[in-house]
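Structure at a glance
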Amino acid sequence: MAALDELTTPAGDDDVVGGVPARLVAAPRDTAEAAALVTAARGLSVVIRGGGTKLDWGPPPRDLDLIIDTRRLTGVVEHAAGDLITVVRAGTPMAELHRLPGQQLALDAPPAATAGGTVAANASGPRRLRYGTARDLLIGITVVRPDGTVTKAGGKVVKNVAGYDLGKLYTGAFGTLGLITACVFRLHPVPAASAFVRAAAPPGHAARVLAGQFAASALEVNAEPGAEPELAVLLEGTPAGVRERAAAVAAVLDGEVSAEPPEWWDVLPWAPDGLGVKLTGALSQVPALVATAVGAGATVRGSAGTGVLYAGFPAAGTPPGSSPSSASPSSAPPSSASPSSASPSGASPSSGVASSRAPLSASGVVEAGRAVELLRAAAIRAGGHAVVLTAPAGVRDTLDMWGPVPGLELMRRVKDRFDPEHRFAPGRFVGGI
Amino acid sequence: MTGIDGLAARLRAGIGTQRVLTDRQELRTYECDGLAHYKVIPALVALPVTAAQVAAVVRACAATGTPFVARGSGTGLSGGALPHADGVLIVTSRLREIVEVRPEDERAVVQPGVINLDVTKAATPHGYYYAPDPSSQQICSIGGNVAENSGGAHCLKYGFTTNHVTGLEVVTPDGERVRLGGTAPDTPGYDLLGVFVGSEGTLGVATEVTVRLTRLPETVRTLLAAFGSTDQAGAATSAIIAAGVVPAAIEMMDALAIEAAEAAVHCGYPAGAGAVLIVELDGPAAEVDAQFDEVSALCTAHGAFETRVAADDAERALIWRGRKSAFAAVGRISPDYIVQDGVIPRTALPEVLRRIGEVADGHGVRVANVFHAGDGNLHPLVLFDAEVPGQAERAETVSAAILDLCIEHGGSITGEHGVGIDKAKYMPRMFTDADLDTMQLLRCAFDPDGLANPGKVFPTPRLCGEQPGRRQGTHPLQSSGVAEIF
Ligand SMILES: Cc1cc2nc3c(=O)[nH]c(=O)nc-3n(C[C@H](O)[C@H](O)[C@@H](O)COP(=O)(O)OP(=O)(O)OC[C@H]3O[C@@H](n4cnc5c(N)ncnc54)[C@H](O)[C@@H]3O)c2cc1C
Ligand SMILES: Cc1cc2nc3c(=O)[nH]c(=O)nc-3n(C[C@H](O)[C@H](O)[C@H](O)COP(=O)(O)OP(=O)(O)OC[C@H]3O[C@@H](n4cnc5c(N)ncnc54)[C@H](O)[C@@H]3O)c2cc1C
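So, how was this worked out
Residues numbered from 1 in each chain as written. Chains lettered and ligands numbered in written order. Predicted model: local features only at pLDDT ≥ 70, side-chain atom pairs only at ≥ 80, totals over all residues. Heavy atoms only, no water. Helix = DSSP H or I, 4+ residues; strand = E, 2+ residues; numbered from the N terminus. Buried < 20%, exposed > 50% of the residue type's maximum accessible area, 1.4 Å probe, protein only. Contact = heavy atoms within 4.5 Å. Areas by Shrake-Rupley, 256 points an atom, 1.4 Å probe, with all protein chains shown as cover. Axes fitted to C-alpha atoms, helices over the stretch in contact; angles between N-to-C directions. Left-handed = near helix turned anticlockwise from the far one by under 90°. Nonpolar A, V, L, I, M, F, W, Y, C, P; charged D, E, K, R; others polar. Near = heavy atom within 4 Å. Polar contact = N/O pair within 3.5 Å; in protein donor to acceptor, adjacent residues only side chain to side chain. UniProt positions renumbered as here; feature names shortened; annotations may be inferred. Domains from an automatic or database assignment. Buried area = accessible area lost by both parts, 1.4 Å probe. Salt bridge = Lys/Arg side-chain N within 4 Å of Asp/Glu carboxyl O. Expected span 1.5 Å × (residues − 1). Arc of directions from axis to C-beta. Core = buried A, V, L, I, M, F, W, Y, C linked by side-chain atoms within 4.5 Å. Pairing = 2+ DSSP bridges. Phe/Tyr/Trp six-rings, centres within 6.5 Å; stacked < 30°, edge-to-face > 60°. Lys NZ or Arg CZ within 6 Å of the ring centre and 35° of its normal. Disulfide = S-S within 2.5 Å.

1. Let's talk about the overall build of chain A
Broken down by element type, chain A carries 13 helices and 21 strands. Residues classed as buried in chain A amount to 60% of the 433 residues present. Pairs at least 24 residues apart make up 69% of the contacts formed inside chain A by residues separated by at least 6 positions. For chain A, the computed accessible surface area is about 14800 Å², with 54% contributed by carbon and sulfur atoms.

The structure is reproduced here in structure tokens:
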């Protein structure tokens, strides 16, 4: 068995997670080498790095010895077009999966994000209304467990109920249960035609679209202090069908049909050093959630069709929670991250709001804490949750980023079984897992 | 008082005398599920009427180390609800309340004993329905659907139970009531909801289910296409998918299945067909109409000698009648049969159907095929006569060979009926020891004492805390009588 020093290199200046520097880095080439590495790394604390696009989100690790980088675990192993499935290595960039010939992995994620990172974060974007999230599209998975055991779950067929659906367990586990080395996804055909409908309309009008017969692929809201809220709808299908439905949606919302999405589509509403919160709630509560968040000074975007929203507060200086107009800088035009192609999958949800402010002041810390409390209370009332995805360095430590979680005790028991020494991403997950 | 008598007394005091059955005659009602050749009479049946009572029963089991098995409507086809001889069967048939229907949130909240079709009936007046539609939907329970991750003819487009359940209340094997998921999607933390679905009663008892409601489609169009052979029908299926069409359902029946259906329900399918396809499209009218023409043309191009389009709901029902009655109908042409449930990649359909035919011929056994062609979920019906010596064994052999074909082609040993008691022994053909050990890690997190539906799903249960590695001799769970290996 290879020794640790053959498989790792000393960490460099950039090998830092949430401000915590690593000692060692490794980039295994295949599942076997990854298993050897994890076996040799017994006793070390580990964080997995995919594209690193969101690695700093979430709480920092309690300890960090080794970063396992999936950048060499790349490539589409199989694309069975007739079966609408693909087998990919975990480090494969999402950009490759967005443009398989004639087909697509219908998951909105930044092009530089990896398949493994997208699954580990259960990422999603506007099109979740039609296609679901990573948990719905993952049909098989290979994982190296913290003790070095290589294990698979699921398979290569969409319909399969043999044994526990452990793919669901690893999806959204943020690397706390092991290293994902390969994923099998269900694919969808690229639709023959698509169109957007854009309207200046209150979030409450989203219900009109849901109640109609439009089979929308995405139904997004954008609202910010001091500006009129907007709705945008994506329709996909046959050219004639899309034309007809787009016209009907435009009539219902008093909006316009457009080939392009609005510039805010699939762009998270905060700057790199801003405060970003994911808000969920029952569909009928979306308008109330949006109103609360905007009232607190946030820009709010997300899926009014599924009840998953993202609230972003201006980067710094201006305390959130003060009067709406004081937060208007958050409505600054998006940066280069705005989508350039007509394809929504090409859009990047990475930060699009320009930031030019100084770090948060002490009062900013207090205000951020209050804003999170306010949003969390609103989300719980709405039947959902508020999770702080990212926060400025100064406030991060003061916030309960995950908030209360039902079933936490069972989750701890799961973690104890899979990673008894709590070495994988220690402290990064719910309840300090 | 010790053992089961003590437990019975404790349960009678806890949940009421008439909700605890110990009379052997009464217990016999529950001796099997839909896979009737496995029979075990439970030591005790509990019929709780509230989630709190379910928790009380499970706590009593935990306290006394008594195994328990949940049962919904008992329609399962893998022996999942087969009772434990020394255990408690917890029957959910008195938990039948539809708690809430909230079309504005696209959700309904129901108790686990609620019948699948009743959710749709409650939602339809609001313009919604519950999408997963197992053929047994008039009798099977939502709790059973959750445990089996049940599918239906329309899951090709709409997905399975797991894609339509957003929240659960479960009683864990130590008797705690825990909420998993909720109304909103993406509950933070591990997706324990996602792993509970499909866990076949081995992680606890679901006591409340929050389901997603789906908007009733504007248009439904159904086509019946008759082909000379299953090869042609398979090729047409592949062509439809390759064209980028995602029908709500694509179902196939072969000549023998058609013969059975004709004998039973006179569905009037085109004479002389070697295979029929039922293709259903639903959604906005503008989409469906364009795609329907494409599907018809593709069927004709791949050799369909007759296509029929349902003009109205009555004609649609007629087309589906043959398909939906097929399992039962096979009883008309054979005294006994095994319903197999395997999955293959759709593109392997023609090849695997041919190989099934060869295997069947080789053993002198007839196999009728009726299945979900769109997602490659085969339901070969292996016909035999138990009265004729040797036939049952030969049917078993063919049935097992079919599963091997599925695995060989990269498929699965079960697409919707579950592993239960029936297929536990096949799990090692699909998964390595390491894979099965990993599933045990989850099991042990929920159920360290192995009391929830022991002996199901896994071939060789290990005690939690035991080190993985080669297993030798009798398993401790076996020798202590906690688990039997069938
Ligand atoms: C706390 C948090 C919450 C998020 N919530 C959302 C959301 O709700 N919606 C959304 O669209 N996006 C969300 N994201 C963003 C999501 O991470 C990115 O969209 C994802 O695609 C990043 O991919 P990446 O390859 O850049 O991963 P990275 O940024 O490198 O890593 C992201 C996370 O995944 C883990 N990880 C990466 N690769 C693997 C692997 N192979 N095996 C195991 N674990 C791995 C990392 O340890 C890290 O926890 C969230 C991110 C974080 C950190
Ligand atoms: C004619 C016929 C057609 C069928 N067609 C289909 C089909 O198209 N698609 C399909 O997927 N299946 C089909 N089935 C199989 C069966 O109907 C499904 O598996 C169904 O979900 C079982 O529901 P039930 O209420 O009968 O469960 P049961 O048979 O009572 O139990 C099934 C399993 O669920 C567990 N269970 C039950 N309730 C709970 C609970 N509340 N909490 C935890 N575990 C629980 C049991 O322990 C057992 O392991 C068919 C069966 C028949 C007889």
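2. Structural notes on the environment of V300 of chain A
Inspection of the secondary structure assignment puts V300 of chain A in strand β19 (residues 299-303). Those residues in contact with V300 of chain A that lie beyond four places of it in its chain are V221, N222, A223, V290, A293, V294, L309, Y310 and A311 of chain A.

3. Things to note about the packing of helix α13 (residues 408-418) of chain A against helix α16 (residues 433-446) of chain B
One can describe the packing of α13 of chain A onto α16 of chain B by two numbers: an axis separation of 8 Å at closest approach and a directional angle of 140°. Note on packing geometry: the crossing formed by α13 of chain A with α16 of chain B is right-handed. Contacts between α13 of chain A and α16 of chain B involve L410, R413, V414, R417 and F418 of chain A on the former and, on the latter, T438, L441, L442, C444, A445 and F446 of chain B. Split by residue class, the contact of α13 of chain A with α16 of chain B holds 8 nonpolar, 1 polar and 2 charged.

4. So, the site of ligand 2
Residue and element names in this part refer to chain B. The immediate surroundings of ligand 2 are formed by 32 residues, with A70, G72, T75, S136 and S141 found nearest. A distance of 3.2 Å is found between an oxygen atom of ligand 2 and a backbone nitrogen or oxygen belonging to G80. Contact between ligand 2 and S136: an oxygen atom at 2.6 Å from a side-chain N or O atom of the residue. With the chains in place, 93% of the 980 Å² that ligand 2 exposes on its own is no longer accessible. Of all elements in the fold, only β3 (68-71), α5 (142-148) and β10 (205-212) reach the threshold of two or more residues within the shell around ligand 2. When residues of the shell around ligand 2 are assigned to their parent elements, the largest contribution, 5 residues, is made by α5. Of the residues in the shell around ligand 2, the class split is 9 nonpolar, 19 polar and 4 charged.

5. Concerning the UniProt feature "domain: FAD-binding PCMH-type" (unreviewed entry) in chain A
Listed under "domain: FAD-binding PCMH-type" (unreviewed entry) in the UniProt record, and renumbered for this structure, are residues 17-190 of chain A. Helix and strand shares over residues 17-190 of chain A are 20% and 28% respectively, and the end C-alpha atoms of the span are 36 Å apart.

6. Observations regarding the domain arrangement of chain B
All names here are of chain B. Taken as a whole, chain B is organised into domain 1 (3-91), domain 2 (98-215), domain 3 (218-332) and domain 4 (334-420). Facing 7 residues of domain 2, the contacting portion of domain 3 comprises 10 residues. Roughly 740 Å² is buried in total at the junction of domain 2 and domain 3, and carbon and sulfur atoms are behind 52% of that figure. When the buried surface of domain 2 facing domain 3 is broken down by residue, H154, L156 and K157 rank first, second and third, together holding 62% of it. Run the count over domain 2 and domain 3 and you get 1 salt bridge.

7. A word on helix α11 (residues 313-324) of chain B
All names here are of chain B. Taking 1.5 Å of rise per residue, the 12 residues of α11 would be expected to cover 16 Å, and the 15 Å separating its terminal C-alpha atoms lies within 8% of that figure. Taken together, the buried positions of α11 are occupied by R316, I319, W320, G322 and R323. All buried residues of α11 lie within an arc of 150° about the axis, which places them on one face of the element. Of the residues flanking the start of α11, the one acting as N-cap is D312, its side-chain oxygen 3.2 Å from the backbone nitrogen of A314.

8. So, the interface of chain A and chain B
Taken together, the contact pairs 75 residues of chain A with 84 residues of chain B. Regarding the contact of chain A and chain B, the summed buried area is about 6000 Å², with carbon and sulfur atoms giving 60% of it. Broken down residue by residue, the surface that chain A buries against chain B is led by K159, V161 and Y164 of chain A, which jointly contribute 17%. Ionic pairing is found between K278 of chain A and D186 of chain B, a salt bridge with its closest N-O pair at 2.8 Å.

9. Description of the side chain of T166 of chain B
All names here are of chain B. For T166, the location among the structural elements is in strand β8 (residues 165-171). A distance of 3.3 Å separates polar atoms of two side chains, one belonging to T166 and the other to R107. One polar contact links the side chain of T166 to the main-chain carbonyl oxygen of G182, over a distance of 2.7 Å. The contacts of T166, once residues within four sequence positions are left out, are R107, L180, G181, G182, T183, L193, T210 and R212.

10. Comments concerning the site of ligand 1
Residue and element names in this part refer to chain A. Neighbouring ligand 1 are 29 residues, the closest being I48, G51, T53, T114 and K278. T114 places a polar side-chain atom, nitrogen or oxygen, 2.6 Å from an oxygen atom of ligand 1. At 2.7 Å from an oxygen atom of ligand 1 is found a main-chain nitrogen or oxygen belonging to S124. Here ligand 1 has 920 Å² of accessible area as a free molecule, and 97% of this is covered by the chains. Residue assignment for the shell around ligand 1 shows that the elements contributing at least two residues are β5 (46-49), α4 (115-120) and β12 (179-186). Here the shell around ligand 1 gets 4 residues from one element, more than from any other, and that element is α4. Summarising the domain contributions, the shell around ligand 1 has at least three residues from each of domain 1 (1-190) and domain 3 (268-331 + 353-404).

11. Some words on the nonpolar core
Judged by nonpolar contacts, the single largest core of 129 residues is most densely connected at L169 of chain A together with Y190 and L192 of chain B. The element contributing the most residues to this core is helix α14 (residues 391-408) of chain B, with 7 residues. Ignoring anything within four residues of it in the chain, the contact list for L192 of chain B reads L169, G407, L410, M411 and V414 of chain A together with L180 and F446 of chain B.

12. Structural notes on the sheet that holds strand β1 (residues 9-10) of chain A
All names here are of chain A. Here 4 strands make up an open sheet; going across it, the order is β1-β4-β6-β5 and the pairing mixed. Of all the strands in the sheet, the pair left with one neighbour each is β1 and β5. Sheet topology note: the strand β4 (residues 24-26)/strand β6 (residues 66-69) ladder contains 3 bridges and is parallel. Bridging across to β6, A26 finds its partner in I68.

13. Brief notes about the domain arrangement of chain A
All names here are of chain A. What the domain assignment lists for chain A is domain 1 (1-190), domain 2 (193-266) and domain 3 (268-331 + 353-404). Every contact between the two is made by 13 residues of domain 2 and, on the other side, 18 residues of domain 3. On the domain 2 side of the contact with domain 3, V221, E224 and P225 bury the most area, a combined 43% of that side's loss. Run the count over domain 2 and domain 3 and you get 0 salt bridges. At the surface where domain 2 touches domain 3, the tally comes to 6 residue pairs in polar contact (both at pLDDT 80 or more). Of all elements in the fold, only α8 (206-211) and β15 (218-223) reach the threshold of two or more residues within the side of domain 2 that touches domain 3. A per-class count over the side of domain 2 that touches domain 3 returns 8 nonpolar, 2 polar and 3 charged.

14. Some points on the packing of aromatic side chains
What the rule picks out here adds up to 10 aromatic pairs over all chains. When the ring of F196 of chain A is compared with that of W265 of chain A, the centres are 5.0 Å apart and the planes differ by 85°; the resulting orientation is edge-to-face. Highlighted residues: F196 of chain A in strand β14 (residues 193-200) and W265 of chain A in the loop between β17 (256-258) and β18 (275-280), separated in sequence by 69 residues. Here F196 of chain A matches W265 of chain A in class, with each residue buried. Through pairs of rings, three or more aromatic residues link up here, namely F174, W402 and F429 of chain A together with Y190 of chain B. Between R215 of chain B and the ring centre of Y128 of chain B, over which it is positioned, the NZ or CZ distance is 5.7 Å. A cation sits over an aromatic face here: R221 of chain B above F292 of chain B, 4.2 Å from the ring centre.

15. Describing the state of the cysteines
Residues and elements named next belong to chain B. Scanning the model with the defined rule gives 1 disulfide over all chains in all. Free cysteine: C32, not disulfide-bonded; nearest cysteine sulfur from C140 at 17 Å. The class of C32 is buried, set by a relative accessible area of 17%. You can see C299 has no disulfide; the closest cysteine sulfur is in C267, sitting 18 Å from it.

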